[in-house]
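Structural description and commentary
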Amino acid sequence: MFFHISVLSRELIAGLTVRPGGHYLDATVGGGGHSRLILEAAADTQITALDRDDRALAAAKTSLIEYSDRWHFWHGNFADYEPHVQKFDGIIADLGVSSAHLDTPDRGFSFRHEAPLDMRMDRQQDLTAAEIVNRWDERDLAEIFFTYGEERLSRRIARQIVQMRPFETTTQLAEAIARCVPQKYRYGRIHPATRVFQALRIAVNQELTSLEKFLDRAPNWLLPEGRIAIISFHSLEDRIVKNSFRSSPILQVLTKKPIAPQDDEVNNNPRARSAKLRIAQKRDDNVER
């Protein structure tokens, strides 16, 4: 079962200005929540939906079965997608890990469950978190923990992992990390393994390099005045989105500051609290600036 609560839905649909008969690209369809809202927002809209996770695609197809004549699905990394339509009226992407990934123990994304160290969004790829933890050298581990997890104890944690490996499960790794950090760090606001698990997930799925490649190409797929809307969940993603939008010669940034979820959404879905939405619009070359 693939279950995911879409975040910032009201703000996304409002900012996208869905057009009747428009064709939209959902680059991370998940369970299909945002795609459904686009299909419902205006008459005769169409969706092309992508996802790396085969379970997500299967869930979205089931969820959106009544719109089966208005969508097309593609399995793969959005960084590798090549559009086969002329242009899109809008593009969306909801980045990062989904509720389904975190809440499905056998996927290995969370240390709340004992599970194999997997973390693959695309289960067809070879690289897993276990491969990184058990085979990469200490320097490389410290580098990804610091760069992708912004973990200030990255070297200490990497040294502990190398000394204690091999690790087979998420809980074994989380406990080893907790034992090697200072006590005040161990009992802080977040579990001391949180940043390391984020870093491993990003490394396994090459999330930031994929995002950079996608954002470099996606604006070219838009019709004039078409909009691209990206939801990110941590500062590394948001910084890439912000810089990509600002540096694009064909985009006009519509959100000087990212849009955050409202209080009622955070109360209903605490995982939404870190979400940020940025929107840009493709310039119309026929309009003088």
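Throughout, a residue's number is its position along its own chain's written sequence, starting from 1. Selection of residues for local features in this predicted model requires a pLDDT of at least 70, selection of side-chain atom pairs for listing and counting requires 80 or more, and totals for whole chains, interfaces and linings are taken over all residues. The basis for every side-chain value is the complete set of non-hydrogen atoms in the structure, without hydrogens or water.

**Quick look at the nonpolar core**
- Nonpolar cores were defined as sets of buried Ala, Val, Leu, Ile, Met, Phe, Trp, Tyr and Cys residues, with membership established by side-chain atoms within 4.5 Å. Each residue's exposure class comes from its accessible area (1.4 Å probe, protein chains only) as a fraction of the maximum for that residue type: buried when under 20%, exposed when over 50%, partly exposed otherwise. One finds Phe145, Ile157, Ile161, Leu173 and Leu200 to be the most contacted residues of the largest nonpolar core, which totals 32 residues.
- Helix and strand assignments come from DSSP, with helices taken as H or I runs of at least 4 residues and strands as E runs of at least 2, each series counted from the N terminus. Of all elements in the fold, only helix H5 (129-135), helix H6 (138-149), helix H7 (154-164), helix H8 (170-180) and helix H10 (194-205) reach the threshold of two or more residues within this core.
- Once residues within four sequence positions are removed from consideration, Ile157 is found in contact with Phe145, Glu151, Ile177, Cys180, Val181 and Val196. Note on contacts: a residue pair is in contact if any heavy atoms of the two residues lie within 4.5 Å.

**A look at empty space enclosed by the protein**
- As defined here, a cavity is a set of points on a 1 Å grid over the protein atoms alone where a 1.4 Å probe fits but cannot get out. A pocket is an open set with protein on both sides within 12 Å along at least five of seven lines, and residues line them when an atom is within 4 Å of a point. Grid points are joined across faces, edges and corners, and a volume is the space filled by probe spheres set on the points. With the rule as written, the count across this model stands at four cavities of 30 Å³ or more.
- In this structure, the second largest cavity occupies an estimated 40 Å³ of space.
- Every residue lining the second largest cavity is listed: Lys242, Phe245, Arg246, Val253, Thr255, Lys256 and Arg278.
- Residue classes follow a fixed rule: Ala, Val, Leu, Ile, Met, Phe, Trp, Tyr, Cys and Pro count as nonpolar, while Asp, Glu, Lys and Arg count as charged, and any other residue, Gly among them, counts as polar. Each residue belonging to the lining of the second largest cavity can be placed in one class, and the counts come to two nonpolar, one polar and four charged.

**Thoughts on the packing of aromatic side chains**
- Two rings from Phe, Tyr or Trp (for Trp, the six-membered ring) form a pair when their centres sit within 6.5 Å of each other. Planes less than 30 degrees apart are called stacked, planes more than 60 degrees apart edge-to-face, and all others tilted. For the structure on display, the rule yields six aromatic pairs.
- Summarising the aromatic geometry, the rings of Phe111 and Phe197 are spaced 5.0 Å apart at their centres and angled 80° between planes, so their arrangement reads as edge-to-face. Of this pair, Phe111 sits in the loop between helix H4 (99-103) and H5 while Phe197 sits in helix H10, placing them 86 residues apart in sequence. Residue Phe111 shares its accessibility class with Phe197, and that shared class is buried.
- A network of ring pairs unites the aromatic residues Trp74, Phe78, Tyr81, Phe214 and Trp221 as a single cluster.

**Here we look at the side chain of Gln125**
- Within the fold, Gln125 resides in the loop between H4 and H5.
- With near-sequence residues (within four places) excluded, Gln125 lies in contact with Arg52, Arg120, Val204 and Asn205.

**Some details on the pairing of strand E1 (residues 23-26)**
- Covered by surrounding structure in E1 are His23 and Leu25 together with Tyr24 and Asp26, the residues of both alternating faces.
- Sheet topology places E1 next to strand E2 (residues 46-51); four bridges connect them, and they run parallel. Across the sheet, Tyr24 pairs through a bridge with Ile47, a residue of E2.
- Crossover handedness for the path E1 to helix H2 (residues 33-41) to E2: right-handed.
- Pairing of E1 with strand E4 (residues 88-94), which is carried by three bridges, proceeds in the parallel orientation. By the bridge assignment for E4, Tyr24 is matched with Gly90. Paired strands, in this sense, are two strands between which DSSP finds at least two bridges. Handedness is read with the strands pointing away from the viewer; a crossover is right-handed when the path from the first strand over the helix to the second is clockwise.

By themselves, these are just geometric observations and shouldn't be taken as functional.
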